[in-house]
Amino acid sequence: MDLTICVLGLLALIVDGIRCQGVYAPPTVRIIHSGHACNVEEERHTERVYTIREGETLELTCLVTGHPRPQIRWTKTAGSVSDRFQDSSVFNETLHIAKIQRTQGGRYYCKAENGLGSPAIKSIRVDVYYLDDPVVTVHQSIGEAKEQFYYERTVFLRCVANSNPPVRYSWHRGREVLTQGSDKGVEIYEPFFTQGETKILKLKNLRPQDYANYSCIASVRNVCGIPDRSVIFRLTNKTASPSIKLLVEDPIVVNPGQTVSLVCITTGGEPPPILTWVSSNDSLPQRSVVKGGTLTLPAITSDEAGVYSCVASNNVGNPAKKSTTIVVRALKKGRFWITPDPYHNDDHIQIGREVKISCQVEATPPEELTFSWLKNGRALRSSERMVITQTDPDISPGTTNLDIIDLKFTDFGTYTCVAALKGGGIPEISIDVNISSTTVPPNLTVPRGKSPLVAREGDTVELECLVSGKPKPIILWSRADKEAPMPDGSMQMESYDGVLRIVNVSREMTGSYRCQTSQYNGFNVKPREAIVELIVQYPPTVEPVFMEMRQGLGRPVVMTCRVLRAHPSRVLRFEWLLSNRLLHAGAFDTQRDETEYTIRSLNRDGWGEYTCNVINEAGAGKCTFQVTGKAYPPEFYYDTYNPLWQNRPRVYGFKLQWTQMNPNAVDRIVAYRLGIRQMGLQRWWEQEIPVDGTINKGELMTHNLTELIKPESYEVRLTPITRFGEGDSAIRIVTYSAPINPHLREFHCSFEEEPICMFTQDKNDDFDWTRHSAATRDTKYTPNTGPSGDHSGSKQGFYMYIETSRPRKEGDQARLISPFFNVAPKNPYGITNPPAYCFGFFYHMYGKHIGTLNAFLKQKGQTASEGLVWSLSGNQGDRWKQAKVSIHPTSSFQVVLQGIRGPGIEGDIAIDDITLEEGECRDPPPNLSAKALSTSCHIWLLCVTLVLTLLEGQR
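The chain is annotated in an unreviewed UniProt entry as MAM domain containing glycosylphosphatidylinositol anchor 2 of Astatotilapia calliptera. For the record of the chain, the UniProt heading Subcellular location (unreviewed entry) holds the text "Cell membrane".

Encoded structure:
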């Protein structure tokens, strides 16, 4: 059934329980704004631009229609790819950003989807406006003439300010405004390449009068209320760029733990330069202290070593910069290796052959590194048979070698390499190397039964390589089958005993592992290596892990458990259970990857949790099925036409509508349990709503909530009931809002509350209407015009009026626009007989300078201009009068009240008690001009003729 017929049916019927089908609809989206916008440009080249001042609150609301209720998601993209989706997605109707920053500008998207059709997407571009303080920088050029008879000095003053929108600059010298051409010695221009980002003031061949105070004023023309910003620069004959001096050595070599002070002083510059310190480590150490030009680093560490620079800036010329390097002494990572005689293929150490012992450390600074050698604790000097050398730092930094030529039995012993720094203060590093008949190169083997190693997922395993030789080298473990990290995340792990221990082993760790000897702390020979295979077994991975199956009594239920992967892949058996009771078991069919269990006819005993265990050597994978007769939740319908009505002053009613999700999936729904509670209170009120017959998919159900207290909000819970019992509940919030076009047959606004009944001031008029009461009126008000109270005569009551005093001038307009009022079509083909409404209001037009009061009808979607429906001009006396006019809108509409200022200040016009009632006005409209009446009737007849023609064409 057509959606329009459904809506018409809902409007026509007011009894509880009325149903209608076909309400499922894909989503639609509209973005509205309620934050601190400066300006919103609507649909400019299909784009909406929302302008806001930095620091204000951005609030965008995504209004959606569609059933089921669409899910809403806000996302953002910015100007650059790196900034894309920089903000977390917001799953809410309202996007709220307090104190918005310039980096948060960009395009915001609202996406709504409910599974029907394509998602609905709307976007709005947020433009954040700001203006920073301008900065003036000064540069000077000196050109020499021939034979040096004179020289010319030209000074450039450059003004820059970050802003959005682009900034406009103006220059002042003292109180004098400088413009291009106003002074032959001054030139003002924008460099071509900066595209208006800066303004340069050029002072040619500097003159005495050019020494003055210069002001640069940056302006964005007061957009968003952003005031102009300015900066003053004093140019004198002493103005000069900065110069500095560092009172420290370069480099500075210190021991860890020392306190280092770097002193920087200025030696020139006018204005006086500002000194700052920067580090090559991106930022100064946390514990550093800067006082004036002195940087203090207490208890310095090796991590704080680096280049430190003092920078002086006074915006004249280029900043001055001086740097020094801090070097923190350190010794670390002592290593050794033994190199057998390179002229023999045998890697063993033998009498009569050459052997070399190498020792390496990391030293800072490297030039302070010194080595000494000991044999059995006694100092060793270089000789013809014991040659001590130091390797070229470019080839192997921090390395010393001891070559033993023609090894003799007496050469066996312990050799010690001692590394130290000349400056002292750092502990020495000693490395002992034993040379004897038992010093042999390494060998690696895998113990019997340790490869392949079979483990179960989650176990702790130890991969083992036996290493022999003396000295024993460090063993390096890595993946042999692929380029993949080790369990700790590194590409290589060290082991001192040849064992690699892996805790909580996972299936991804299956594969080949290589153990090999390192080339340090052992023999400098070709690495020995071995391979260990690891096989990780794991239970079957199955799907579904959990599935809820809803079914009515007497219907079949088929449950399928599927195996995705397992190791070993040969699955041994399966078993089906209900709770803990075994239903069926057997061997798994290797030709299939699934097993099924069927309930031919579901009964009450068949409800419950079914488990399928698929078992191999490593354990079991489990599929779980929850078989239930529980009904799915209802789906609240949020697109009800005018759901809220108000028959009495203190209470309101609400038309609650919903459809049932998958109504035929379970037994027939016999009733709904309705729960309702006032927000903030604990107590629920419940009642049952009986259901006759079978509910169809998409069938719209209605229940009227009455006696709701104004203006409270309520939480509503709706639960379907079947033979199984209660199903899943759905909850929504019912919120009171003053009806815009209520079903109480009348709209009334007396302006007693600040929101003024959702009326808005037109942004494109000359001035605004003012909400006012006689009790709060300024004693300096203009006499002989305006009312002395509201329409009821109360001095405390409020009304709206136009203030015609200065600076208002004749012809200025103030426009007050009503909220939108909806018009319900009477049939699915549109409006053939437009409904009638009586628009009424009270007016007060007293004073010798009264201008004109107009009322217009503004219809949504109409390309024509607003239609004048009422107009009155001139002094009407010191009393309130009523105006009524019948209007016949064909679509959603607004009414506009326009006040036009007359020739003088005694021309205040006031309005009060605006009403809109369904039906023609009972009294004839007193002030409708013949022209307006003719235009209105002509438009109405034209619309009726057009619709009748379309209907005739469809036949």
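### Focus: the sheet that holds strand E5 (residues 58-67)
Ordered by their spatial adjacency, three strands build an open sheet running E2-E5-E7, and the pairing between neighbours is antiparallel. At either end of the open sheet lies a strand with only one pairing partner, and these are strand E2 (25-33) and strand E7 (94-97). The average undirected angle you get between the axes of adjacent strands in this sheet is 15°. Of the pairings in the sheet, the one linking E2 to E5 comprises seven bridges and is antiparallel in character. The residue of E5 that forms the bridge with His-33 is Leu-60.

### Side note on the packing of aromatic side chains
Across all of its chains, the model carries 17 aromatic pairs by this definition. Measuring from centroid to centroid gives 5.9 Å for Phe-751 and Phe-759, while their planes differ by 65°, and the two rings are edge-to-face. Judged by its relative accessible area of 0%, Phe-751 falls in the buried class. Under the relative-accessibility criterion, Phe-759 is labelled buried at 5%. Put simply, the rings of Trp-576, Tyr-597, Tyr-610 and Phe-625 pair up and form one aromatic cluster. The ring of Tyr-520 has Arg-335 lying over it, and the distance from NZ or CZ to the ring centre is 4.1 Å. The positively charged end of Arg-683 is found above the aromatic ring belonging to Trp-685, 4.0 Å away from the centroid.

### Some points on the environment of Asn-613
Tracing the chain through its elements places Asn-613 in strand E50 (residues 608-616). In this structure, the C-alpha to C-alpha distance between Asn-613 and Phe-574, residues 39 residues apart in sequence, is 5.5 Å. Here Asn-613 is in contact with Arg-573, Phe-574, Glu-575, Leu-577, Ala-620, Gly-621 and Lys-622, once residues within four sequence places are set aside.

Definitions and limits used
Counting restarts for each chain: residues are numbered from 1 in the order of the written sequence. Confidence filtering applies because this is a predicted model: local features only for residues at pLDDT of at least 70, side-chain atom pairs given and counted only at 80 or more, and all residues used for totals across whole chains, interfaces and linings. Heavy atoms throughout the structure, all of them, feed into the side-chain values; hydrogens and water do not. UniProt positions are given in the numbering used here, feature names are shortened, and annotations may be inferred rather than shown by experiment. Any two strands are treated as partners once DSSP identifies two or more bridges connecting them. The way it works is that DSSP assigns letters per residue, a run of H or I at least four long becomes a helix, a run of E at least two long becomes a strand, and they are numbered from the N terminus. Interaxial angle, 0 to 180 degrees, is taken between N-to-C directions of lines fitted to C-alpha atoms, where a helix line uses only the stretch in contact. Here is the rule: rings of Phe, Tyr and Trp (six-membered ring for Trp) pair when centre to centre is within 6.5 Å. Planes less than 30 degrees apart are stacked, more than 60 are edge-to-face, and the remainder are tilted. Three labels apply to residues, based on accessible area from a 1.4 Å probe with only protein chains included: buried if under 20% of the type maximum, exposed if over 50%, partly exposed otherwise in between. By definition here, charges over rings are those cases where NZ of Lys or CZ of Arg is within 6 Å of the ring centre and within 35 degrees of the ring normal. Should any heavy atoms of two residues lie within 4.5 Å, those residues are considered in contact.

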